[in-house]
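Spelled out, the chains give:
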Amino acid sequence: MTPLSLLCMAVSVALITAESTVYFREQFEDGDSWRSRWVESNHKSDYGKFVLTAGKYYGDADKDKGLQTSQDAHFYALSSRFEDFSNMDQSLVIQFTVKHEQSIDCGGGYIKLFPSDLKQEDMNGDSVYNIMFGPDICGPGTKKVHVIFNYKGKNHLINKDIRCKDDEYTHLYTLIVNPDNTYEVKIDNKKVESGSLEEDWDFLPPKKIKDPEAKKPADWDEREKIADPDDKKPEDWDKPENIPDPDAKKPDDWDDEMDGEWEPPMVTNPEYNGEWKPRQIDNPAYKGKWVHPEIDNPEYTPDNEIYKYNSIGVIGLDLWQVKSGTIFDSFLITNDPKLAEEVGYETWGVTKDTEKKMKESQEEDERKKREEEEETRKEDAKDEEQDEEKEEDEEEEEEEQEEEEEEEEEENETDSKLKDEL
Ligand SMILES: *[C@@H]1O[C@H](CO)[C@@H](O)[C@H](O)[C@H]1NC(C)=O
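Residue positions are given per chain, counting from 1 as you read along its sequence in written order. Owing to the predicted nature of the model, reporting of local features is limited to residues with pLDDT of at least 70; listing and counting of side-chain atom pairs is limited to 80 or more, with chain, interface and lining totals taken over all residues. To obtain the side-chain values, all non-hydrogen atoms of the structure were included, while hydrogens and water were left out.

Participant: Before we move on, could you go through the UniProt feature "binding site: Ca(2+)" (unreviewed entry) in the protein chain and cite the residues and values that matter?
Facilitator: Within the UniProt annotation, "binding site: Ca(2+)" (unreviewed entry) is assigned to Q27, K63, K65 and D329. For the annotated residues, spread through 303 residues, the largest C-alpha to C-alpha distance comes to 9.3 Å, consistent with a single compact locus. Examined against the element boundaries, Q27 turns out to sit in the loop between β1 (22-26) and α2 (34-37). In this analysis, two residues are considered to be in contact whenever any of their non-hydrogen atoms come within 4.5 Å of each other. The residues contacting Q27, other than those within four sequence positions of it, are K63, K65, D329, S330 and T347. Pairs of N or O atoms within 3.5 Å make up the polar contacts considered here, provided that, within protein, one atom can donate a hydrogen while the other can accept it, and that residues adjacent in sequence are counted only when both atoms are side-chain atoms. Separated by 3.3 Å, the side chains of Q27 and R25 make a polar contact. Residue exposure (1.4 Å probe, protein chains only): buried if accessible area is under 20% of the type maximum, exposed if over 50%, otherwise partly exposed. The class of D329 is buried, set by a relative accessible area of 5%. UniProt positions are given in the numbering used here, feature names are shortened, and annotations may be inferred rather than shown by experiment. Elements are defined by DSSP. Helices are runs of H or I of four residues or more, strands are runs of E of two residues or more, and each kind is numbered from the N terminus.

The following block contains the structure:
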């Protein structure tokens, strides 16, 4: 065999082993048919409704259609099933787009991947999942990308802070988990975080711990400087802080019997030295900071399969939203990061600029409209006064209604805390 043909063989073998699989893809491009693929949970009776729409502005009226949360202050619980698989020995890529076109105040924008034994009709916040991934916003304090893994029955949050997008455009979120126990998070096809699963989550106890046997020796001197033992306080150091004013004179008309004995007022003593402190010198006995020696943690056992899930079979949106309007689209689960990147560019990548332009031109139109209205208002200043009175009445009514509505709202815990803070 020639070296060239050998090379060709090696290349084709590489291509075969790197075969890509798409486990799940959802673009919502066939009208209402998505309803046959997605199941709404009835764990609670009042989950918020998802509707199919491209929203107020978009890049492509059809392609940008996705699922939008449509009711304020509601929990949402919707999921879709695909053929059960394990990510053993393979990369796992989860990708989707999120558009918070309502300018979100508090609400989730993440997905959950479940094992296939999930009962979709009963999916709820306590359902066991494998991975939770995506943006979460709640007030100014929470604007992060969650990456939570279930490891041996416990959910572990990433110990790095990944900031999510909080504008009103569509953004592409991607999580890649590799069989070498590394991961990568991308937003809009750009890497925002990466590293090792073991280091960035506390799945395993620490490799090293402080030796419980080791103690700092009693004579270990950690003082870098000490007072110079040869430095003595000068004998004439101590002087009073205040002295009678030497320039003061007893007034001529001072009457000792009437005014009492005359005393000069006190002034600051220019010779006062303050408190004496010995000079500081390097401590000849200084040993440096004592470092607690470490030993291998007996409780640590390495695990090179942290990344692995035996069963992945359902993707779900299990969320709480105060202000609804978020649109989810372009779901993709695959073993091929390259493919996901390409799909990202072909979907989000193609429509993002047009979406931006459409939003900007809408804002421009609104601005013009406002200006025109302002003009007309100025012209009929008199009518306006009368109108104002009416408006005030209406506003009061509206406020009352809003208050009533708010009382009916359910809340998740953080949301009620937020309200307390305000
Ligand atoms: C409530 O929902 C917000 C938005 O998703 C989230 O940030 C927060 O953690 C949730 N709180 C609880 C207690 O679930």
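So much for the structure itself; the text now carries on.
Participant: Summarise the environment of K49; cite the residues concerned and give the values.
Facilitator: Within the secondary structure layout, K49 lies in the loop between β2 (38-40) and β3 (50-53). The spatial distance from the C-alpha of K49 to the C-alpha of Q71 is 6.6 Å, given a sequence separation of 22 residues. Discounting residues that sit within four places of it in the chain, K49 has contacts with E40, Q68, T69, S70, Q71 and Y76.

Participant: How would you summarise unusual backbone geometry if you had to cite specific residues and measurements?
Facilitator: Of note in this structure, D89 is not a glycine but carries a positive phi near 60 degrees. As for its placement among the helices and strands, D89 is situated in the loop between β5 (74-85) and β6 (92-100). Take D89: its relative accessible area is 59%, and that puts it in the exposed class. For K152, which is not a glycine, the phi torsion comes out positive at approximately 50 degrees. As for its placement among the helices and strands, K152 is situated in the loop between β10 (142-151) and β11 (154-157). The exposure class of K152 is exposed, given its relative accessible area of 71%.

Participant: Can you break down the side chain of N189 residue by residue, with the values?
Facilitator: Its location among the elements puts N189 in the loop between β13 (182-187) and β14 (190-196). A distance of 3.1 Å separates the side chain of N189 from the backbone oxygen of E341, its partner in a polar contact. If sequence neighbours within four positions are ignored, N189 has contacts with Q95, L172, E341, G344 and Y345.

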